[in-house]
Amino acid sequence: MFPIAASSPRLYSWHQTRSVTPAWTPAYAPDQWIASGPRGGGHAALLMRGDRGEGVATLQRALARAGHSPGAADGVFGPNTERALRQFQQARGLRVDGLAGEQVRQALAIAAWGAPQTSSAPKGAVDMPLSDAQIAKALNIPLINVQRNWPALKQALAQAGITSRNDALALLAIMGRESHLTPILEWDSGWAYQGRRDLGNTQPGDGPRYKGRGYLQLTGRANYRHYGRLLGVDLEGSPDLALRPDIAARILVAYWKDRQLSTYTARRDWRTTNLKIAGEADWGLAPMMSNLRRLESMLA
């Protein structure tokens, strides 16, 4: 299915455009850690006491930003760094072993994002008591995807006053299917959209510049302009902002409201809810329903 005219702004499921890939990396994510120490120089995926180098200094700075300062970022993995790392691991529910591997790196990246900034308090909490680990298991997706993205989605839902359990269930079930709960970037170049005036692509390079992004696929200059104005964000000038979890969440929730999906989730009309997202009532309905059943079984 092709994107519809810009006069009716909407998002597009990945199957309606082309292949997509996870695309958002936090601005303050720790670099790949390089260390030299008793285990020899070179690249080290795992940092531990006794290591030295810029990778250790990167770790030390990330720990300090997360509220567990080891002292000076001197590039030496000593007792203070190990103590700070163990404190961080305990606070984040990680294995407390004093070793800095991929799990620690990703958890530090999440800590660096912080909570999405908003101008007002949420209207109410979203009714979804499942833990991040339970959601990840139900949707069969990596835990890190839930930890990175579900907080922003919950906050955007609460800000919009969409707090029912049925809405949360439907959104998780659909986004688990569509994007593994991760903002995605269309793989294809976007040149297929060049010259599409129905999408507002009137300038040279508009096709690639405004190809699909987000939890669902926001496509076309006119749609970036529409949702940017709606959110007060310059998506037209900086389209990659649609890949940020907090902004991607607000776009999705704005679409959810535009299409009045809560009307259908309230009566558990999952087929129509899926139709409003996928463009076809039965496309992807089976995996959506499988996700729903697993989520609800964990709530039982």
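Cut-offs used in this document
Residues numbered from 1 in each chain as written. Predicted model: local features only at pLDDT ≥ 70, side-chain atom pairs only at ≥ 80, totals over all residues. Heavy atoms only, no water. Core = buried A, V, L, I, M, F, W, Y, C linked by side-chain atoms within 4.5 Å. Buried < 20%, exposed > 50% of the residue type's maximum accessible area, 1.4 Å probe, protein only. Helix = DSSP H or I, 4+ residues; strand = E, 2+ residues; numbered from the N terminus. Contact = heavy atoms within 4.5 Å. pLDDT = per-residue confidence, 0-100. Expected span 1.5 Å × (residues − 1).

> Would you take a moment to explain the nonpolar core for this structure?
Nonpolar side chains in soluble globular proteins tend to be buried together. Counting residues in each nonpolar core, the largest one holds 53 residues, and the members touching the most others are Met 128, Trp 150 and Leu 235. For this core, the elements supplying multiple residues, two or more each, are helix H4 (132-139), helix H5 (143-159), helix H6 (165-179), helix H8 (221-231), helix H9 (245-258), helix H10 (261-266), helix H11 (270-278) and helix H12 (285-299). At nine residues, the largest contribution of residues to this core is made by H9. Sequence-distant contacts of Trp 150, defined by excluding residues within four places in its chain, comprise Met 128, Asp 132, Ile 135, Asn 145, Leu 157, Ala 168, Leu 171, Leu 172 and Leu 181. Ranked by size, the runner-up nonpolar core spans 14 residues in total, among them Leu 59, Ala 62, Phe 88 and Val 104.

> Please clarify how unusual backbone geometry should be interpreted in this entry.
It is generally the case that most residues other than glycine have a negative phi and that most peptide bonds are trans. Positive phi values are uncommon outside glycine, yet Leu 181 reaches one of about 60 degrees. Take Leu 181: its relative accessible area is 0%, and that puts it in the buried class. Even without being glycine, Arg 268 reaches a positive phi, approximately 55 degrees. Mapped onto the fold, Arg 268 is located in the loop between H10 and H11.

> What am I meant to see in the environment of Gln 103 here?
Within the secondary structure, Gln 103 sits in helix H3 (residues 102-113). Along the primary structure Gln 103 and Gln 89 are separated by 14 residues, whereas in three dimensions their C-alpha atoms are 9.5 Å apart.

> Please explain the confidence of the model for the protein as it appears in this structure.
Residues with a pLDDT of 70 or more make up 80% of the protein, whose mean pLDDT is 80. Low pLDDT, under 50, characterises residues 1-44; the predicted model gives this stretch 145 contacts beyond four residues in sequence or across chains. Low pLDDT (under 50) marks residues 113-123, which in the prediction has 16 contacts with non-local residues, meaning those over four places away or in another chain.

> Mind showing me how you'd approach H9 here?
Each full turn of the α-helix corresponds to 3.6 residues, which orients residues three or four apart in the same direction. Between its first and last C-alpha, H9 extends 20 Å over 14 residues, near the 20 Å set by a 1.5 Å rise per residue. Within H9, 11 of the 14 residues are buried, leaving the element largely enclosed by the surrounding structure. All of the buried residues along H9 are Pro 245, Asp 246, Ile 247, Ala 248, Ala 249, Ile 251, Leu 252, Val 253, Ala 254, Tyr 255 and Trp 256. Residue Gln 260 follows H9 closely and has a positive phi angle near 55 degrees.

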